[in-house]
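Observations on the three-dimensional arrangement
If you want the building blocks of each chain, they are given just below.
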Protein chains: 2
Amino acid sequence: MTIFAPDLQGASRAMAVLAAGAPGRAWPADVRLAAPPRPRVAVPRELPGLDAEWAAAFGAAVRALAESGAEIVEIDLDPFLAAARLLYDGALVAERYAAVGEFVDSRPDAVDPTVRAIISPAGELEAHRLIADRNRLTQLRATAMTRLEGIDALMVPTAPEHPTIVDVAADPIGVNSRMGTYTNFCNLFDLCAVAVPAGTAGPAHFGVTVLARAFEDAVAADIAGMVSGCVAEGWSAAAAPSVELAVFGAHLLGQPLEHQLTSLGARWLGPVWTAPTYRLTALDTVPRKPGLIRVADGGVSIAGEKWLLSPAALGRFLAELPTPMQLGAVEFDDGSWGTGFGCDHAASARGRDISEYGGWKAALAAGALA
Amino acid sequence: MTIFAPDLQGASRAMAVLAAGAPGRAWPADVRLAAPPRPRVAVPRELPGLDAEWAAAFGAAVRALAESGAEIVEIDLDPFLAAARLLYDGALVAERYAAVGEFVDSRPDAVDPTVRAIISPAGELEAHRLIADRNRLTQLRATAMTRLEGIDALMVPTAPEHPTIVDVAADPIGVNSRMGTYTNFCNLFDLCAVAVPAGTAGPAHFGVTVLARAFEDAVAADIAGMVSGCVAEGWSAAAAPSVELAVFGAHLLGQPLEHQLTSLGARWLGPVWTAPTYRLTALDTVPRKPGLIRVADGGVSIAGEKWLLSPAALGRFLAELPTPMQLGAVEFDDGSWGTGFGCDHAASARGRDISEYGGWKAALAAGALA
C-alpha cells in the first residue's frame with residue numbers, strides 16, 4: 001500500500017485510518033515507537049543509476065541527516081538490488097498473472113500493451129521456478145537484514161532519475177525497471193518506508209526514502225523528519241499496543257538514564273505533574289535518583305515526564321530495574337492514574353526531602369543536589 | 001520438523017536442542033508460556049475416517065481431558081480438512097518438485113515409484129495455480145483461526161486408522177492421504193502440535209494430537225499432559241524470552257488474583273523466600289493484599305511464589321496494577337534479586353504487621369486475616 005500526500009502529517013493520518021480498517025497482521029508486543037535520539041542510518045556505498053548531479057543531491061541529504069544527529073553507516077546494497085531485480089526478471093511476476101491474468105488474456109485490447117507483455121507470458125511460468133525464486137528472495141533478505149543489524153533505518157534515493165514521457169515511450173520496461181531500483185525491494189523484504197523531498201538535483205526535484213523494519217513506521221517517520229524537516233509522528237506510535245510510564249528523575253529527557261528508555265524504542269510524550277499528594281526525596285544512588293512517595297498529609301505536586309513504550313519494553317525495563325526503585329500507579333494533577341516511578345520504603349526514609357523544588361530538574365537547576 | 005520420542009520430556013528436550021541451533025523466526029515478546037489452569041480445548045464435531053471403535057476411543061480421550069479440568073468446545077473442522085487436502089491435491093506439491101524434482105527426473109530408478117508419481121508431474125504445475133492455492137490456503141487459515149478464537153488448543157485423533165502394509169501397497173496414495181487427514185493442515189496453518197498415546201481402539205493403540213498456535217508449544221504440551229498423564233514442560237517455556245515475577249499475596253496459586261497472571265500465559269515456577277530483611281503488612285484493599293516492605297532492621301524472611309511470564313505480559317500486568325501495589329527488585333534468601341511485589345509507602349504504614357506468620361498463606365491459615 002502506498003500513500004501520496006502533500007506532507008508527512010497527512011500521510012501518517014491517512015495510513016492510520018486505512019490500517020485501522022484492515023484485518024492485517026497483529027502488532028508485535030515489542031514494537032519500537034520512536035527512533036533513538038541519535039539513530040544509526042545505513043546509506044548505500046554505491047549509487048547505481050544516479051548521475052553526478054543526482055549523487056551530489058543524495059550526498060547533501062546524507063550530510064543534512066548527519067548534521068541533525070544521525071550516525072551514518074555505509075553498507076553494500078547488493079542484496080537489496082538483487083531482490084529488486086527479482087520482482088520482474090524472475091518468476092515472482094506470476095503473482096500479477098494470478099491476480100489479473102484471466103482478464104488480460106480474455107480482454108487483451110483493454111490492457112496497456114506493455115503491461116500485457118509483462119503479465120500475459122507470466123501465465124506460463126512454472127510453480128517450481130516461483131518457489132526457487134522465493135527461496136532465493138528469503139536468502140537475499142537474510143543477507144540484507146544481517147547488513148542492517150544494529151542499524152535503525154536505511155536511506156536511499158527515492159528514484160535514480162526523472163524520465164520524460166518520451167523516454168518511457170521509447171523503452172517502457174527499461175525505464176520502469178530503473179525507476180524501481182531503490183523501491184522494488186521494499187515490499188519483498190517486508191519493510192516500511194517514508195519518502196520525502198530532499199532538495200534538488202540540478203533542475204530536478206530530488207527525494208530520499210527512509211526504510212525501516214516492518215511495524216517500525218514511527219522510526220522511519222522520525223528519521224524522514226530529521227532529513228526533511230517535515231516532522232510528523234509516525235502513525236504506528238498511535239496505532240500499536242502501548243503503555244505509558246511517568247518518570248521523575250534519571251530517566252527525564254537529557255538525564256543520565258534516558259537511554260534506557262530510548263534504546264527500548266520509547267517515545268517521549270511530554271511533561272506531567274502528580275496530584276499534590278507526593279513528596280520527592282534525593283536517594284543515595286549512582287547515578288543520583290529521586291524517590292517519589294505518596295503521603296497522607298503535606299504532599300505537593302511533583303513535575304515529571306511521560307514516555308510511551310511497548311508492553312514488552314515496559315516489562316524488560318522493570319525486569320532490569322535495580323533496588324530501591326519501584327514502579328506502580330501514580331496519581332496525576334488531572335485526577336487520572338498511570339504507571340510511574342516510586343521507590344522502596346526504607347530507601348526513601350533515608351533520603352533528603354527536596355519536594356520544595358517541585359521536581360528533579362528544578363532541584364538540579366537550583367544546585368540542591370551538588 | 002517432527003520429533004519421535006519415547007516420552008514427552010524427551011521430545012521436549014530434543015526440540016529445545018534442535019531449535020537452539022536454528023536461525024528460525026524471532027520469538028514474539030508476548031508468547032504464552034503455559035496453558036491456563038482450565039484451558040478451552042476445541043474438538044471436531046465430526047470425525048471423518050474413524051470407525052465406531054476409533055470414534056469411541058477419541059470420545060474417551062475427550063472425557064479424560066474434560067475430567068482433568070479442560071473446557072471442551074466442539075467446532076466444525078471443515079476449513080482444517082480442506083487445507084489438509086490442498087497439500088497433495090493442489091499445486092502446493094510443486095514445493096516437493098522444487099526441493100528434489102531434478103534428482104527425481106534424472107534418477108527415476110532411485111526413487112520409490114509412488115513418490116516419483118507424485119513429485120515428477122508437479123514439475124509441470126503453473127506458478128499462478130500455486131499462488132491461487134496459497135491464497136485459498138490463506139483464506140482457509142483465516143476461517144480456521146476464527147473458529148479458534150478464545151480457544152487455547154485443538155485436539156484431534158492423530159490418525160483415523162492403522163493401515164496394514166498390504167493396505168498401503170494396494171493403494172499407497174489413498175491410504176497416505178487418509179492418514180494425513182488430521183495432520184496435513186498443521187504446518188500449512190503454522191501450528192505446533194504434540195501427539196500422545198491415549199488408550200486403545202479395539203486392539204489398536206490410539207493417540208491424540210494437541211495443536212496450538214505457532215510458538216505456543218508450552219500450551220500444547222501442558223494440554224497433552226492433561227490428557228495423557230505424560231507431563232513435561234513445553235520446551236518453549238525455557239527457550240522463549242521471559243522474565244520472572246515474585247508474588248506474596250493475592251497472586252499466589254489459588255488466591256483470588258492468580259487468574260490475572262494465568263490469563264497472560266504466566267507459568268508457575270514454585271515457592272521462594274525473601275532475604276530476612278522484609279516485613280509484611282495486611283493492606284486495606286479489595287481483595288485483601290499484603291504489602292512487602294524492605295526494612296533496615298528487624299526484617300524476616302517472607303514466603304512467596306515465582307511466576308515466569310513474557311516481557312509483554314509483565315508490562316501489561318504492571319500497566320493494570322492498581323495503587324497501592326508496586327513492583328521492583330526483591331532480594332531472595334539465596335542472595336539473588338528479582339522482580340517482585342512491593343507497595344506504596346503510605347499504604348504500608350497504615351497496614352497491620354503480619355510478618356510473624358512468615359507469609360500470606362500462613363497468615364490466612366492461622367485466621368490472622370479474618
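One numbering rule holds for all chains: residues counted from 1, following each sequence as written. The order in which chains are written sets their letters, starting at A; the order in which ligands are written sets their numbers, starting at 1. Under the rules for a predicted model, residues below a pLDDT of 70 receive no local features and side-chain atom pairs below 80 are neither given nor counted, while totals for whole chains, interfaces and linings still include all residues. Note that water and hydrogens are dropped before the side-chain values are worked out from all heavy atoms of the structure.

1. Here we look at the environment of Leu 308 of chain A
Residue and element names in this part refer to chain A. Numbering of helices and strands starts at the N terminus; helices are DSSP runs of H or I of at least 4 residues and strands are runs of E of at least 2. Of note, Leu 308 is situated in strand β10 (residues 303-309). Leu 308 sits 64 residues away from Glu 244 along the chain, and the two C-alpha atoms are 4.6 Å apart. Note on contacts: a residue pair is in contact if any heavy atoms of the two residues lie within 4.5 Å. Dropping the residues within four chain positions of it, Leu 308 is found in contact with Leu 33, Ala 237, Ser 242, Val 243, Glu 244, Gly 265, Ala 266, Arg 267 and Leu 269.

2. So, the pairing of strand β10 (residues 303-309) of chain B
All names here are of chain B. Taken across its 7 residues, β10 has 6 buried, putting it largely inside the fold. Note: strand β6 (residues 243-247) against β10, 5 bridges, orientation antiparallel. Across the sheet, residue Val 247 finds its bridge partner in β10, namely Glu 305. Bridge count for strand β7 (residues 267-273) against β10 is 6 bridges, and the pairing is antiparallel. Looking at the pairing, Val 272 lines up with Gly 304 of β10. Accessibility here uses a 1.4 Å probe with only protein chains present; expressed as a share of the type maximum, an area under 20% marks a residue as buried, one over 50% as exposed, and anything in between as partly exposed. A pair of strands counts as paired when DSSP detects no fewer than two bridges linking them.

3. A word on unusual backbone geometry
A cis geometry characterises the amide bond from Val 286 of chain A onward to Pro 287 of chain A, with omega recorded as -5°. Within the element layout of this structure, Pro 287 of chain A appears in the loop between β8 (278-282) and β9 (290-294). In this structure, Pro 324 of chain B follows Thr 323 of chain B across a cis peptide bond, with omega equal to 10°. Positive phi outside glycine occurs at Phe 215 of chain A, with the angle close to 80°. Relative to the elements of secondary structure, Phe 215 of chain A occurs in the loop between β5 (204-213) and α10 (217-228). Of note in the backbone geometry, Asp 190 of chain B takes a positive phi value of approximately 60° without being a glycine.

4. Re the sheet that holds strand β2 (residues 71-75) of chain A
Residue and element names in this part refer to chain A. An order of β2-β1-β3-β5-β4 is seen for the 5 strands of this open sheet, with the pairing classed as mixed. Two strands in the sheet have a free side with no partner beyond their single neighbour: β2 and β4 (191-201). Ignoring strand direction, the axes of neighbouring strands in this sheet form an average angle of 30°. Each axis is a line fitted through C-alpha atoms, taken for helices only over the stretch in contact, and angles between the N-to-C directions span 0 to 180 degrees. Its contacts with the sheet place α10 against β1 (40-44), β3 (153-157), β4 and β5, and it is angled at close to 10° to β4.

5. Describing the interface of chain A and chain B
Each side of the interface is counted separately: chain A has 43 residues, and chain B has 43 residues. Throughout, the accessible surface (probe 1.4 Å) given up by two parts as they are put together, summed over both, is called the buried area. Between chain A and chain B, roughly 3,400 Å² of surface is buried when both sides are summed, and carbon and sulfur atoms account for 66% of that area. On the chain A side of the contact with chain B, Ile 131, Leu 318 and His 345 of chain A bury the most area, a combined 16% of that side's loss. Salt bridges are defined by distance alone: a side-chain nitrogen of Lys or Arg within 4 Å of a carboxyl oxygen of Asp or Glu. The tally of links between chain A and chain B comes to 0 salt bridges. N or O atoms closer than or at 3.5 Å make up a polar contact, with two conditions inside protein: a donor-capable atom paired with an acceptor-capable one, and, for residues adjacent in sequence, both atoms drawn from side chains. Between the two partners, chain A and chain B, sit 3 residue pairs in polar contact (both at pLDDT 80 or more). Elements supplying a minimum of two residues to the side of chain A that touches chain B: α4 (94-106), α6 (127-147), β9, α13 (311-319), β11 (325-331), β12 (337-343) and α14 (345-350) of chain A. Broken down by element, the residue count for the side of chain A that touches chain B peaks at 7 residues, all from α13 of chain A. Lys, Arg, Asp and Glu make up the charged group, whereas Ala, Val, Leu, Ile, Met, Phe, Trp, Tyr, Cys and Pro make up the nonpolar group; the residues left over, Gly among them, are polar. Among the residues making up the side of chain A that touches chain B, the classes are represented as 26 nonpolar, 10 polar and 7 charged. Where β11 of chain A meets strand β11 (residues 325-331) of chain B, 3 bridges bridge the pair, whose relative direction is antiparallel. Residue Gln 326 of chain A lies in a different strand from β11 of chain B, and its bridge partner there is Gly 328 of chain B.

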